[in-house]
Amino acid sequence: MLEAIARNDMNGLEDLIRQHLLHIRSDWARPDSASPARDRRA
């Protein structure tokens, strides 16, 4: 993402952010997902 910002590639940055959010949403949406962040909140 930082490289896209440095290149002033806003379209590329938007694509990277979308990919990242889709990945994070799918990981956090699974209730069986073992995540250290989830373990700390419990």
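Look above for the structure.
Cut-off values and rules
Residues numbered from 1 in each chain as written. Predicted model: local features only at pLDDT ≥ 70, side-chain atom pairs only at ≥ 80, totals over all residues. Heavy atoms only, no water. Salt bridge = Lys/Arg side-chain N within 4 Å of Asp/Glu carboxyl O. Buried < 20%, exposed > 50% of the residue type's maximum accessible area, 1.4 Å probe, protein only. Helix = DSSP H or I, 4+ residues; strand = E, 2+ residues; numbered from the N terminus. Contact = heavy atoms within 4.5 Å. Patch = residues over 30% accessible without salt bridge, like charges linked within 9 Å, V, L, I, M, F, W, Y side chains within 5 Å. Areas by Shrake-Rupley, 256 points an atom, 1.4 Å probe, with all protein chains shown as cover.

Caption draft 1: Spotlight on the pattern of salt bridges. If you walk through the whole model with that rule in mind, you get two salt bridges. When the shortest N-O distance is used, the salt bridge between Asp9 and Arg7 registers 3.5 Å. When its relative accessible area of 53% is taken as the criterion, Arg7 is described as exposed. For Arg18, the salt bridge goes to Glu14, with nearest N and O atoms at 2.6 Å. Residue Arg18 and its partner Glu14 are located together in helix 2 (residues 10–29), separated by four residues, close to a single helical turn. Among the residues examined, Glu14 registers a relative accessible area of 38% and is labelled partly exposed.

Caption draft 2: Structural detail: the environment of Leu16. Here Leu16 is to be found in helix 2. Owing to a relative accessible area of 34%, Leu16 belongs among the partly exposed residues under this scheme. Once the C-alpha coordinates of Leu16 and Ala4 are considered, the two residues, 12 residues apart in sequence, prove to be 8.8 Å apart. Each residue touching Leu16, except ones within four places of it in the same chain, is listed here: Met1 and Ala4.

Caption draft 3: The arrangement of a nonpolar patch on the surface in detail. On the surface, Met1, Leu16, Ile17 and Leu21 cluster together into a nonpolar patch covering about 310 Å² of accessible area. Along the polypeptide, Met1 turns up in the segment before helix 1 (2–6). According to the relative accessible area criterion, Met1 is partly exposed, its value standing at 44%.

Caption draft 4: Here's a closer look at unusual backbone geometry. Despite not being glycine, Asn8 shows a phi value in the positive range, around 60°. When you line up the elements, Asn8 lands in the loop between helix 1 and helix 2.

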